[in-house]
Amino acid sequence: MRIFKLCNNYYFVLLALASVFSINSYAQEIVLAFDDTLARSTSLDGTARTKMLIRNMARGDVKQAMFLIKTKTITPNTVERVMHYDETGQLLVNAGHNYSMLHRTKSFGYPIDIMKANAALEAYSNYHKHVNFPYLYDGSDPEILPQLQHFLADHNYLPTYVTTRVHDEYMNHLYQVRTLSGRAVDIRQLEKSYTKMIVDEVLAYDAKARAMLGFSPRQVLLLHENDLAAYCIVGVIDALNARGFTFVSPEKVFTDPVMNPYFISGFSAVSYMPYITGMPDNIRDWSPVASKKDEEKIHNYLHEQGLESLIPQ
């Protein structure tokens, strides 16, 4: 079985990886990333949530995270939040304007959508033409992907990637249902459930990577900009720090000429692991909506902390 199954142009990079990296290389470095940026107000006002999230990341000594922005959500009611992310040095990422990057469209639709989002973001100092398009990462559409790769390269867009994703949005949904019905929730116990759910996923990815690669690669952990993130991110940061993880700037990761999947596969990886090993990864099994199995797993985390009242009957 070929361990390094990559296009010939990049084969030498993989040989270099094998000789250069030790088990301590990039030891347990991690980046925070957030999807659903500028989501509507829920039990927390949207602006308050944004400010709380940034403030609590700073308490955990995380100076910069990555925020994926679908620019259709930038409105007179949300522009202050974008400005706050920009002013506090967060990395703003082009997640398109209106098209869902999770569904196939005509090949010309993606470039138009990306350019429209670029026009809405280019005035912000911490937007540097980074792009995230999950459908083409996960779907690897053989027809559209090469066209979009060329477009992005020709127009100097920069790649991002994600290694570790968590269905924290489902746990947040259960929290919202409970609080909006006027019933109390023990937020400290919920923070324990939220934190353990995330830490378990990070540790699982790290263990798999160490077993396959022989070292601990940098992780990009994708969460959602929601109330639980705002309340609980300090607990996540502290728990991962206690496990030996160090939080780093996304720009440090995405400009790395070796570990960024762009330099190996040309804008086509969410997780770079399959491109390094040539072995299949379960990234395509990921669903943007929690499956029944995912929901049951989250129910177990809640049950462990005595939060059965949040679990649907």
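Rules behind the numbers
Position labels on residues start from 1 in each chain and follow its written sequence. Totals for whole chains, interfaces and linings use all residues, but because this is a predicted model, local features are given only for residues with pLDDT of at least 70 and pairs of side-chain atoms are given and counted only at 80 or more. Here the side-chain values reflect all heavy atoms present in the structure, with hydrogen atoms and water set aside. Comment: axis = line fitted to C-alpha atoms, over the contacting stretch for helices; angle = value between 0 and 180 degrees taken between N-to-C directions. In this description a helix means any DSSP run of H or I spanning at least four residues, a strand means any run of E spanning at least two, and both kinds are numbered starting from the N terminus. Angles below 35 degrees are treated as roughly parallel, those above 145 as roughly antiparallel, those between 65 and 115 as roughly perpendicular, and all remaining angles as oblique. A contact between two residues is defined here by any heavy atoms of the two lying within 4.5 Å. Each residue is assigned to one of three groups, with Ala, Val, Leu, Ile, Met, Phe, Trp, Tyr, Cys and Pro labelled nonpolar, Asp, Glu, Lys and Arg labelled charged, and all others, Gly among them, labelled polar. Centres within 6.5 Å make a pair out of two Phe, Tyr or Trp rings, where for Trp the six-membered ring is used; the pair is then stacked when the planes are under 30 degrees apart, edge-to-face when over 60, and tilted otherwise. When accessible area is computed with a 1.4 Å probe and restricted to protein chains, residues below 20% of their type maximum are described as buried, those above 50% as exposed, and intermediate ones as partly exposed. The criterion is that NZ of a Lys, or CZ of an Arg, lies within 6 Å of the ring centre and within 35 degrees of the ring normal, and then a charge sits over that ring. Per residue, pLDDT measures the predictor's confidence, with a range of 0 to 100. Any N or O atom pair separated by 3.5 Å or less is treated as a polar contact, with the protein-specific requirement of one donor-capable and one acceptor-capable atom, and with residues adjacent in sequence counted only for side-chain atom pairs.

Chemist: Explanation requested: the packing of helix H2 (residues 46-59) against helix H9 (residues 227-242) in the structure shown.
Modeler: In a packed pair of helices, the relevant descriptors are the angle between the two axes and the axis-to-axis distance. At their nearest, the axes of H2 and H9 sit 8 Å apart, and the two run at 5° to each other. Considering the angle they form, H2 stands roughly parallel to H9. The residues of H9 that touch H2, namely those facing Arg49, Met52, Leu53, Asn56, Met57 and Arg59, are Asp227, Ala229, Ala230, Tyr231, Ile233, Val234 and Ile237. The residue makeup of the contact of H2 with H9, split by class, is nine nonpolar, one polar and three charged.

Chemist: I tried to follow the packing of aromatic side chains on my own but got confused; where do I start?
Modeler: If you walk through the whole model with that rule in mind, you get four aromatic pairs. Seen from their ring centres, tyrosine 175 and tyrosine 231 are 6.4 Å apart, and the 85° between their planes marks the pair as edge-to-face. On the criterion of sequence distance, the pair formed by tyrosine 175 in helix H7 (residues 168-180) and tyrosine 231 in helix H9 is long-range, its members being 56 residues apart. What makes tyrosine 175 buried here is its relative accessible area of 7%. Overall, tyrosine 231 belongs to the partly exposed group, its relative accessible area being 27%. Taken together, the ring pairs in this structure connect Phe34, Phe67 and Tyr85 into an aromatic cluster. Over the aromatic face of tyrosine 157 sits the side chain of lysine 129, whose NZ or CZ is 4.5 Å from the ring centroid.

Chemist: Any chance you could explain the confidence of the model for the protein here in plain terms?
Modeler: Where the model shows low pLDDT, its predicted coordinates should not be examined in detail. The share of residues in the protein with pLDDT of 70 or more is 75%, and the mean pLDDT across the chain is 82. Low pLDDT, under 50, characterises residues 1-25; the predicted model gives this stretch 37 contacts beyond four residues in sequence or across chains.

Chemist: Please explain the side chain of glutamate 225 as it appears in this structure.
Modeler: When you line up the elements, glutamate 225 lands in the loop between strand E7 (219-224) and H9. Of the polar contacts made by the side chain of glutamate 225, one reaches the side chain of threonine 50; its length is 3.4 Å. Contacts of glutamate 225, omitting those with residues within four sequence positions, involve Phe34, Asp35, Asp36, Thr37, Leu38, Ala39, Arg49, Thr50, Leu53, Arg81 and Tyr85.

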